[in-house]
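# Understanding the architecture of this molecule
These are the residues of each chain, in order.
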Amino acid sequence: MLLTLFQSCSPHTNLNPSSGCFFLILVLSISCFFPNLTHASCNAIDRDSLLSLSLSTSVPLNWSSGLNCCIWEGILCDGNHRVSRLWLPFRGLRGTISPSILNLTSLSQLNLSHNSLYGPIPDGFFASLNRIQIIDLSYNRLSGQLPSSDILPVSIQTVDLSGNHLNGTIQSLFFQSASNLAAFDVSNNSFTGPMPSSICVNSPSIKFLDFSINDFSGEIPQGFWGCLELEVFRAGFNLLSGKLPSDIYNAGALQQISLPANNFIGQIDGRIVSLTNLRVIELFGNRLNGTIPVDIGALSNLEQLHLYINNLTGTLPPTLDLGNNNFTGSLPVSLFSCISLTAIRLASNQLEGQILPDIVALQSLSFLSLSTNNLINFTGAIRILVGCRNLSALIISKNFYNEALPGDENIVDSEGFQKLQVLALGGCNFTGQIPSWLAKLGKLEVLDLSYNHITGLIPGLFGSLPNLFYLDLSYNLLSGEFPKELTQLPGLVSEEAADQIDRSYLELPVFVQPNNVSYLQYNQLSNLPPAIYLTNNSLSGHIPVEIGQLKDIHVLDLSMNNFSGNIPDQLSNLTNLEKLDLSGNHLSGEIPPSLSRLHFLSWFSIADNNLQGPIPTGGQFDTFPISSFERNQGLCGALLHHPCSTQPDSPRPSASDKSRKKKIIIGLILGICFGVGFTLTMLTLWILSKRRILPRGDSDKVDIETISFNSNSGISTEFIKDASLVIVFPNNTDDIKNLTITEILKATDNFNQANIIGCGGFGLVYKATLENGTKLAVKKLSGDMGLMEREFKAEVEALSTAQHKNLVSLQGYCVHDGCRLLMYSYMENGSLDYWLHEKPDGKRPMELFKPKMSRELVVWVQQMRNEGKQDEVFDPLLRGKGFEEEMRQLLDVACMCVNQNHLKRPTITEVVNWLQNIGANGQPPK
């Protein structure tokens, strides 16, 4: 109990815990010998106020009027027996913030973040808690306005209200007494009106200000002359306008200015170079004009400079990313004297002329994007660019208008473009046929030839490109059949081949829609969906059945062509398919019912064809709109409000026919009932004879789809006599044989709260001790039924086959009356979360740098690597052991797992593969 209470003293955030934990342990130790000394230590007003909060949660808090409130979960008291800390983040709390919290007048630390609290903040909330130092209500569902007459108290140091639905204005008077305020975060809300002024005058110690992702309008007020300690200022994605405040350049401690996606105008003041501590400048998506300060390169600490999508003009400074501006003229020869350049993006400007031979001086150049300009002479450009031997990404779309694609096979020599992975030539209105020299690009992974006037057949050369996984030939004049060579693309045929895709980061991100900053950008090629786009051509013939070999494809678009015949049933083999578009063809026959097994299919269309018969039901087909099936005269089904009934022209059966059919049906029903009964009886006896253990040790063939999911979510004590089936994988590391739900309930003391050892995103984890002494960690899933079902299936399917010494192994699972249990090996030394956040003795590793987000962690690691201090990120006890390279590779994997964009995080299978290759000769992920 002492250990559990001590761990509750350490929050799962980057905020400093109070120093009262030692005092709490001392009091509890004394109470063991002198129980009367602590019997009445809880202040009655505080106790009643806490009970009045009426916070509900799926796993109840141990708040009982019969217990001393100072030892309740998440509660700490000061020396006067008053509640000084209420700390319950990530606890699944639901309800409103009751005004009774205002009675906790000795409260100094409040953290109710990452819960499901809703409603307004009570009136007088901030002023009444006049001893409060930390307020963290982030990532709830709070709404309404900040109390108009409320002000921050003198004691306040940190306020985090981010990730809610708060609105209204923030008055400047709100800060008038907050002289000790160091961090203020109201990002991701709906605040309106002008930004509050004179914050730094009232709070001279402020270091962190975040107003981003709201609806603030008007100009940023003056007053930064008082921000002598301000390090981070964020106000991006608002409706702010005007010029940047002139006194912001007096804030000499600034490390980050982030003001993207607003309506700022004017020039970038040359005084910005006086902010020598700047690491990040984000001003993209505004209307800034003029030239970039010529001395901006003097900012030696600068790591990120984002100025795209503005109206900047002038000559090119030594800056790499200047896309989406209004630069004119030709590519300057002086640019090519910067021989150390590795990436250049000048896309979406008004450049003209030709690519000059001088560019081959850039032998380190890996990334070149010149798309959406007015360049000419594509043939000459290719002859020159083959000399850039390190080029891996060449994006020159929307140039060279109406020129012919060079067909000379010798235009690319044996050493040209041998590292090229991305080639984008879309939107140029190229004429001619697909050139044969593309077959020489052995490393090519992404090819875009869309929106041109290319004619002829799709050549079979693509089948010889071992790494090609993204092919876009849409909006051309191609004819002929779907080439069978495309069904043999190694990069789309198997996951093993897909694993060979280069997972290194691109030097600059590739935008899907570069004219809008809100669209996704890709920093890794592996994040692009494996796809074939052939829409809007003149392709004909049948869709080959061999298309079912493309098991790793995610997008298949064959719309607006002349394909005929049936939809091949083999499409159901494409289990990773997310988008399938067959609309606008001449397909006939029925929709294969097997397509309902494509569980990841989120977009589907067979509109404008000649299909007939019923629309399949079940699976994803229950989610597709009516527009996916329109203009197919023969289709029927409930979605189309056209039932699949008997044809009106068919002859009516006679009375004798009906009698014979009735007898046949009765006979079939009796026979089926007898057969099913006999089969179930034999199956039950067989299962009992196997003593509830899966046969043949084939754990990866567990049929998850046959599991019944009910609406109940808890385990009742009435189950104690139940001996329901528990599936135990035969290759489990704990050598468990027979196991029933009764034994699990007994091993966890009916899931007693005292056995809780962890909390996941979908439920609690309990320690289970079997009669033979074997220990297990049992995760009982809870929460939203749909999410819980997906989580359960995902963990069983992935972890039952993902075996690695550094991954906790899944031993088995159980489904009983709606309860879903996952059984893992028990880790005696605790979880990673424990060592990062709760370890009671000594410094916790996460206190070494306290990044606010995972993005800062990744940036910090990259910074240490750039400074040659990569080994300093490791604990001193781990250095000098001869495993530094392996640890660096492991850290690379970890950084990818905490990517701020969850869509870019690797799957568990990818993590397993990378972990297995650590220390091998293969290139680790970067």
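Higher on the page you've got the structure.
Residues numbered from 1 in each chain as written. Predicted model: local features only at pLDDT ≥ 70, side-chain atom pairs only at ≥ 80, totals over all residues. Heavy atoms only, no water.

## Observations concerning the state of the cysteines
Think of a disulfide as a covalent bridge from one cysteine sulfur atom to another cysteine sulfur atom. Applying the stated criterion across every chain, the model contains 4 disulfides. Paired through a disulfide, cysteine 70 and cysteine 77 show a sulfur-sulfur distance of 2.0 Å. Handedness here is read from the sign of the S-S torsion; for cysteine 70 and cysteine 77, about -95 degrees, the answer is left-handed. Like cysteine 77, cysteine 70 is buried. Sulfur-sulfur distance for the disulfide between cysteine 636 and cysteine 644 comes to 2.0 Å. When the S-S torsion is 105 degrees, as for the bridge of cysteine 636 with cysteine 644, the disulfide is right-handed. Classification of cysteine 636 by relative accessible area gives buried; the value is 8%. Counting its disulfide-bonded cysteines in sequence order, the protein chain shows a connectivity of 1-2, 3-4, 5-6, 7-8. (Disulfide = S-S within 2.5 Å. Buried < 20%, exposed > 50% of the residue type's maximum accessible area, 1.4 Å probe, protein only.)

## Observations regarding the pattern of salt bridges
A full pass over the atoms with the stated rule returns 12 salt bridges. Between glutamate 771 and lysine 746 there is a salt bridge, and its shortest N-O distance comes to 2.7 Å. A residue pair is termed long-range when its members are at least 10 positions apart, and glutamate 771 in the loop between strand 46 (763-769) and strand 47 (775-781) and lysine 746 in helix 10 (residues 741-747) qualify at 25 residues. (Salt bridge = Lys/Arg side-chain N within 4 Å of Asp/Glu carboxyl O. Helix = DSSP H or I, 4+ residues; strand = E, 2+ residues; numbered from the N terminus.)

## A closer look at the pairing of strand 24 (residues 350-353)
Where strand 22 (residues 328-329) lies against strand 24, 2 bridges are found, and the strand directions are parallel. Note that in strand 24 the partner of threonine 328 across the bridge is glutamine 350. With 2 bridges joining them, strand 24 and strand 26 (residues 374-375) adopt parallel strand pairing. For glutamate 352, the partnering residue across the bridge sits in strand 26 and is asparagine 374. (Pairing = 2+ DSSP bridges.)

## Description of the nonpolar core
Among soluble globular proteins, nonpolar side chains are generally buried collectively. One finds Leu86, Phe233 and Phe462 to be the most contacted residues of the largest nonpolar core, which totals 181 residues. Per-element accounting of this core gives the leading share, 5 residues, to helix 6 (residues 378-385). Beyond its immediate chain neighbours, meaning those up to four positions away, phenylalanine 462 contacts Ile434, Leu447, Leu468, Leu471, Leu473, Leu486 and Leu489. Val726, Leu739, Ile744 and Leu776 belong to the second-largest nonpolar core, a separate cluster that totals 19 residues. (Core = buried A, V, L, I, M, F, W, Y, C linked by side-chain atoms within 4.5 Å. Contact = heavy atoms within 4.5 Å.)

## Quick notes on the sheet that holds strand 5 (residues 116-119)
Strand order in the open sheet formed by 10 strands is 3-5-7-9-11-13-15-17-19-21, with parallel pairing between adjacent strands. Two strands bound the open sheet, and with one partner strand each, they are strand 3 (94-96) and strand 21 (311-312). With 3 bridges connecting them, strand 3 and strand 5 associate as parallel partners. Bridge pairing links glycine 95 to leucine 117 in strand 5.

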